[in-house]
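Each chain, letter by letter, is given below.
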Amino acid sequence: MMKQLRLSGSGGQGVITAAIIFAEAAVSEGKQAVQSQSYGPEARGGASKAEVIISDNPIYHPKVINPDIVLAMTQQAADKYYGDLDKDNGLLIVDEDLVPNAPDFPHIIKVPITKMASEKLGKLLFANIVALGIMVKLSNIVSLETVKQSVAHRVPPHTVDKNMQALELGYNAV
């Protein structure tokens, strides 16, 4: 098994944190994982992406070439980062409110990720963890329980409960 994931959005949306948590969970389950990130010069608002490769075997090339799953949290991210997604087997996940002109792609899941975080949890801050829950469910690479442990390890202690709610919200949304 080898899966390549690309999480994309704009700086400040937390896609890098979500990718780190996903990779940590995979390692906790005994899998091999590499995680890389790239973002524009702006601290917030610029394009950002984080990539994760997860495998049962050693990973010799740490760059995502043809992602199996692409998460796009903004229109700019969708336009820029979905192009090399495998059209036959790849899955594109978009925040339906922030990607109003979603690409015409055979396997696309549209979820109001940011709206769910805002309305159900009271803060946009949790959108990345809602998206993480969606990716955990749809990818079937790591267990929800392992991801919960990684989230609890990675987020500020006073936000653990809300982040757990966000993770469950995303997981149950699809």
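Residues numbered from 1 in each chain as written. Predicted model: local features only at pLDDT ≥ 70, side-chain atom pairs only at ≥ 80, totals over all residues. Heavy atoms only, no water.

## Structural notes on helix H1 (residues 15–28)
Owing to its 3.6 residues per turn, the α-helix aligns residues three or four sequence positions apart on the same side.
Thinking step 1. Relative to the 20 Å expected for 14 residues at 1.5 Å per residue, H1 spans 20 Å between its end C-alpha atoms, a close match to the ideal helical length.
Thinking step 2. Residues of H1 that are buried include every one of Val15, Ile16, Ala18, Ala19, Ile21, Phe22, Ala23, Ala25 and Ala26, and no others.
Thinking step 3. Where H1 is buried, its residues meet strand E1 (2–10), strand E2 (32–39), strand E3 (47–55), helix H4 (127–139) and helix H5 (144–154).
Thinking step 4. Among the residues trailing H1, glycine 30 stands out with phi positive, at a value near 85°. (Helix = DSSP H or I, 4+ residues; strand = E, 2+ residues; numbered from the N terminus. Expected span 1.5 Å × (residues − 1). Buried < 20%, exposed > 50% of the residue type's maximum accessible area, 1.4 Å probe, protein only. Contact = heavy atoms within 4.5 Å.)

## Quick word on the pattern of salt bridges
Two side chains that carry opposite charge are able to pair once their charged atoms sit near each other.
Thinking step 1. Applying the stated criterion across every chain yields a total of eight salt bridges.
Thinking step 2. Glutamate 51 is paired through a salt bridge with lysine 63; the nearest N and O atoms lie 3.9 Å apart. In this pair, glutamate 51 sits in strand E3 while lysine 63 sits in the loop between E3 and strand E4 (69–72), placing the two residues twelve residues apart along the sequence.
Thinking step 3. Here glutamate 51 falls in the buried class, since its relative accessible area comes to 3%.
Thinking step 4. Connected through shared salt-bridge partners, Arg6, Lys49, Glu51, Lys63 and Asp84 make up one network. (Salt bridge = Lys/Arg side-chain N within 4 Å of Asp/Glu carboxyl O.)

## What to know about the nonpolar core
Thinking step 1. Formed by 44 residues in total, the largest nonpolar core has its most connected members in Leu5, Phe22, Ile113, Val130, Leu132 and Val147.
Thinking step 2. It is H1 that provides the largest number of residues to this core, a total of nine residues.
Thinking step 3. Not counting residues within four places of it along the chain, the set of residues in contact with leucine 5 comprises Phe22, Ala50, Glu51, Val52, Ile54, Val64, Ile69, Met135 and Ile141.
Thinking step 4. If you look at the next biggest cluster of nonpolar residues, it comprises twelve residues, including Ala47, Ala72, Ala78 and Val99. (Core = buried A, V, L, I, M, F, W, Y, C linked by side-chain atoms within 4.5 Å.)

## Quick word on the sheet that holds strand E5 (residues 91–95)
Within a sheet, each strand pairs with its neighbour through backbone hydrogen bonds, oriented either parallel or antiparallel.
Thinking step 1. Taking strand neighbours across the sheet as the criterion, the six strands line up as E2-E3-E1-E4-E5-E6 in an open arrangement whose pairing is mixed. Edge positions in the open sheet fall to E2 and strand E6 (108–111), since each of these has one partner strand only. Direction aside, neighbouring strands of the sheet carry axes that sit 15° apart on average.
Thinking step 2. In this structure, E1 lies alongside E3, joined through nine bridges in antiparallel fashion. Bridge assignment links arginine 6 to a residue of E3, and that residue is glutamate 51.
Thinking step 3. The sheet contacts of H1 involve E1, E2 and E3, and relative to E2 the element is tilted by about 170°.
Thinking step 4. Seen against the sheet, helix H3 (residues 113–121) touches E4, E5 and E6 and runs at an angle of roughly 45° to E5. (Pairing = 2+ DSSP bridges. Axes fitted to C-alpha atoms, helices over the stretch in contact; angles between N-to-C directions.)

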